[in-house]
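Now for the letters of each chain:
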Amino acid sequence: VLSTVIKRAGARLDEFFFGPDNTRWDLVRIGAAITVLVPLILLGASGNYERLYGHWGMLPRNVAVDTIYWPGFLFLMKADPNWIWEIYWATMAAALCLGFGLWTRIAAAVTFFLYVATVQRNLISFNGEHGILAFVLVALVFAPSPQRWSVDHLLLKKPLPSKTERWAARFIQFNVCLMYFFTTIGKLLGAWKLGTTEIWYQITLSDWFRFPTVEWFRAPWVSWLAVHGSLLIEGSFAFLVWTRLRLPLVLAMIAFHVIIAILFSNGVLFFNIAAIVALCGFLKTTDFGVPKQSAPATNAASAGKN
Amino acid sequence: VDANKVQPCKEIARKITIVLIVIGSLLPPLSMNIGAYAQQAGLSGPIVKLNRQFPSFYALLLCQMWGLFSYISPFNFTYRFQVELADGQLADLHDFKKEAAGKWESILFHNEPKADLNFYANPRALRNYTEYLIRTNGFDPASVTRRTIYIHYWNVLPRDQVAAAGTYYGPVTDRVIDSY
């Protein structure tokens with residue numbers, strides 16, 4: 001009996017990590033590239049890139065040598081102040097390749113490293129989206145490639161992978177679950193007490209909130225819904241997303257982040273976009289009733305059946 | 001050696017390795033979050049020791065403390081920087097790049113509210129920023145005898161005080177948070 005149980009568990013585990021992968025990697029890849037590219041363009045256009053990461057910026061090169069983690073040393077390698085702009089354009093090129101799906105895995109690896117190096121060059125620039133994009137980009141390095149909507153497949157005519165495995169998607173999914181689970185723990189141990197709405201009242205009057213003058217956002221029922229609704233959806237996500245509720249729950253969570261992006265200041269805009277990108281790691285090509293085959297082998301099998 | 005038997009063994013070894021790496025890569029953030037929140041909950045014992053540094057993961061941003069909006073400061077704030085020069089003159093420091101953005105500041109410098117929070121938690125970085133402002137404002141750092149960093153803030157009043165005060169916010173106040 002025991003050996004049967006072990007065999008079954010092994011088979012389910014094998015299916016869980018190594019079953020055919022139909023994750024919507026195109027969405028994750030393009031979304032991740034956009035979330036890297038747009039803030040990078042804003043940093044470059046505003047002069048903020050030099051202010052944050054320049055040799056004579058707010059963390060000068062000679063001070064940074066003693067304080068930053070090793071990926072940031074890429075910025076310190078050359079004394080020439082223009083060196084940071086070579087890294088800038090290399091990051092842009094890598095993220096563009098990632099977005100278009102050109103040499104996808106290499107582009108993901110290069111984007112990941114340059115992105116991490118940039119953030120580590122001056123951790124004052126760290127925001128929530130950086131933590132999310134880091135694990136998303138790592139997953140993209142190992143995700144099945146080429147993907148359907150990519151230059152690799154459409155123009156370079158590389159065939160779609162005949163065999164795919166889910167473990168890269170599981171990596172994103174586990175990380176997202178950890179994020180929401182510990183956020184809920186943090187909120188409950190912090191200022192989010194069940195039965196109270198004081199935290200929402202304070203949020204609506206903080207600089208982070210776009211509409212501090214709109215009174216009804218502080219109405220008792222809105223406050224109660226905001227506090228308990230967010231605790232419920234974030235707290236249950238890590239558990240219910242593995243059930244049949246996956247699709248409605250992921251869509252509800254995406255809607256939740258869209259609402260936050262609208263209600264809150266631009267300071268959390270890219271965090272919400274990054275969270276939505278990571279949530280796309282739960283979506284399947286078979287969702288929304290439009291099944292898509294991911295491999296020529298499957299196409300042939302489908303053709304045979306038809 | 002039977003090739004058919006060797007292949008599954010290799011395949012099983014590959015799969016076990018991948019699963020161990022995927023699970024293993026989650027252990028540092030899992031451990032750190034459990035330990036930190038156990039500490040916050042007032043627990044003691046071995047569980048608190050789980051909150052430790054994982055520099056190799058942290059360097060790659062793969063070990064995050066998750067707690068989005070767990071807290072919100074009960075006041076809104078900005079910083080104000082002032083220097084005293086050798087001749088006794090006082091001068092306010094400006095961040096010209098931010099000011100040049102004008103009405104586009106909330107877009108071009110969208111990350112600044114978070115940077116301000118990061119500064120609040122990192123006094124050394126705030127001093128580095130002050131030195132940056134001194135340089136970009138055209139002062140010779142050697143001619144500056146005192147640097148003062150103010151926090152310019154206004155409290156959010158508790159609900160029960162709002163009616164009496166007739167406003168949601170307390171008076172705007174300056175407080176010195178660093179002077180050296």
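The sections below set out a description of the structure shown in this document. As the structure is a prediction and not an experimental result, all values here were calculated from the model.

About the thresholds
Residues numbered from 1 in each chain as written. Chains lettered and ligands numbered in written order. Predicted model: local features only at pLDDT ≥ 70, side-chain atom pairs only at ≥ 80, totals over all residues. Heavy atoms only, no water. Helix = DSSP H or I, 4+ residues; strand = E, 2+ residues; numbered from the N terminus. Rg over C-alpha atoms; globule rule 2.2 N^0.38 Å. Buried < 20%, exposed > 50% of the residue type's maximum accessible area, 1.4 Å probe, protein only. Contact = heavy atoms within 4.5 Å. Areas by Shrake-Rupley, 256 points an atom, 1.4 Å probe, with all protein chains shown as cover. Lys, Arg positive; Asp, Glu negative; His and termini not counted. Charge placed at Lys NZ, Arg CZ, Asp CG, Glu CD. Axes fitted to C-alpha atoms, helices over the stretch in contact; angles between N-to-C directions. Parallel < 35°, antiparallel > 145°, perpendicular 65-115°, else oblique. Nonpolar A, V, L, I, M, F, W, Y, C, P; charged D, E, K, R; others polar. Salt bridge = Lys/Arg side-chain N within 4 Å of Asp/Glu carboxyl O. Polar contact = N/O pair within 3.5 Å; in protein donor to acceptor, adjacent residues only side chain to side chain. Pairing = 2+ DSSP bridges. Patch = residues over 30% accessible without salt bridge, like charges linked within 9 Å, V, L, I, M, F, W, Y side chains within 5 Å. Core = buried A, V, L, I, M, F, W, Y, C linked by side-chain atoms within 4.5 Å.

## Section: the overall build of chain B
Tallying secondary structure elements over chain B gives seven helices and four strands in all. What you see in chain B, going N to C, is helices and strands ordered as α-α-β-β-α-α-α-α-β-α-β. Relative to the globule expectation of 16 Å for 180 residues, the C-alpha radius of gyration of chain B, 25 Å, shows a markedly less compact shape. Along the first, second and third principal axes, the C-alpha set of chain B runs to 90 × 50 × 40 Å. Here chain B holds 180 residues, and 40% of them are scored as buried. Considering only contacts within chain B whose residues lie at least 6 apart along the sequence, 62% involve residues at least 24 apart. Summed over its atoms, the accessible surface of chain B is roughly 10200 Å², and 61% of this surface lies on carbon and sulfur atoms. Within chain B, the 15 negative side-chain charges are centred at a point lying 13 Å from the centre of the 18 positive side-chain charges.

## Quick look at the packing of helix α12 (residues 246–263) of chain A against helix α13 (residues 269–279) of chain A
Residues and elements named next belong to chain A. Their axes nearest at 9 Å, the elements α12 and α13 cross at an angle of 170°. Classed by the angle they form, the pair α12 and α13 counts as roughly antiparallel. Contact residues: α12 offers Val250, Met253, Ile254, His257, Val258, Ile260 and Ala261, while α13 offers Leu269, Phe271, Asn272, Ala275, Ile276 and Leu279. The residue inventory of the contact of α12 with α13, partitioned by class, reads eleven nonpolar, two polar and no charged.

## A closer look at the interface of chain B and chain A
Between chain B and chain A, the residue contacts involve 65 residues of the former and 72 residues of the latter. Scanning the region where chain B abuts chain A turns up five salt bridges. Between Arg159 of chain B and Glu198 of chain A there is a salt bridge, and its shortest N-O distance comes to 3.7 Å. Between chain B and chain A we count 23 residue pairs in polar contact (both at pLDDT 80 or more) in total. It is helix α1 (residues 3–40) of chain B that provides the largest number of residues to the side of chain B that touches chain A, a total of 15 residues. Classifying every residue of the side of chain B that touches chain A by side-chain character gives 40 nonpolar, 14 polar and eleven charged.

## Quick look at the sheet that holds strand β1 (residues 75–85) of chain B
Residues and elements named next belong to chain B. Reading across from one edge, β2-β1-β3-β4 is the order of the four strands in this open sheet, with antiparallel pairing throughout. Among the strands making up the open sheet, the edge pair consists of β2 (90–92) and β4 (169–179). Across the sheet, the axes of successive neighbouring strands diverge by a mean angle of 30°, strand direction being ignored. Examined bridge by bridge, β1 and β2 share three bridges and lie antiparallel to one another.

## Describing a nonpolar patch on the surface
A surface patch of nonpolar side chains, amounting to about 760 Å² of accessible area, comprises Trp103, Ile106, Val110, Trp149, Leu154, Leu155 and Leu156 of chain A. The exposed category is assigned to Trp149 of chain A, whose relative accessible area is 53%.

## Describing unusual backbone geometry
Omega for the bond connecting Ser145 of chain A with Pro146 of chain A falls within 30 degrees of zero, at 0°, which places this linkage in the cis form. Mapped onto the secondary structure, Pro146 of chain A falls in the loop between α7 (128–142) and α8 (151–154). Of note, the phi angle at Leu61 of chain B is positive, near 60°, even though the residue is not glycine. According to the relative accessible area criterion, Leu61 of chain B is buried, its value standing at 3%.

## Quick notes on the nonpolar core
Counting residues in each nonpolar core, the largest one holds 128 residues, and the members touching the most others are Ile132, Phe135, Val136 and Phe237 of chain A. Element by element, the count of residues in this core is highest for helix α9 (residues 167–189) of chain A, at twelve residues. In this structure, Phe237 of chain A is in contact with Val176, Cys177, Tyr180, Leu249, Val250, Met253, Leu279 and Phe282 of chain A, ignoring residues within four places of it in sequence. Judged by nonpolar contacts, the second largest core, of six residues, contains Tyr201 of chain A together with Leu157, Val162 and Tyr168 of chain B.

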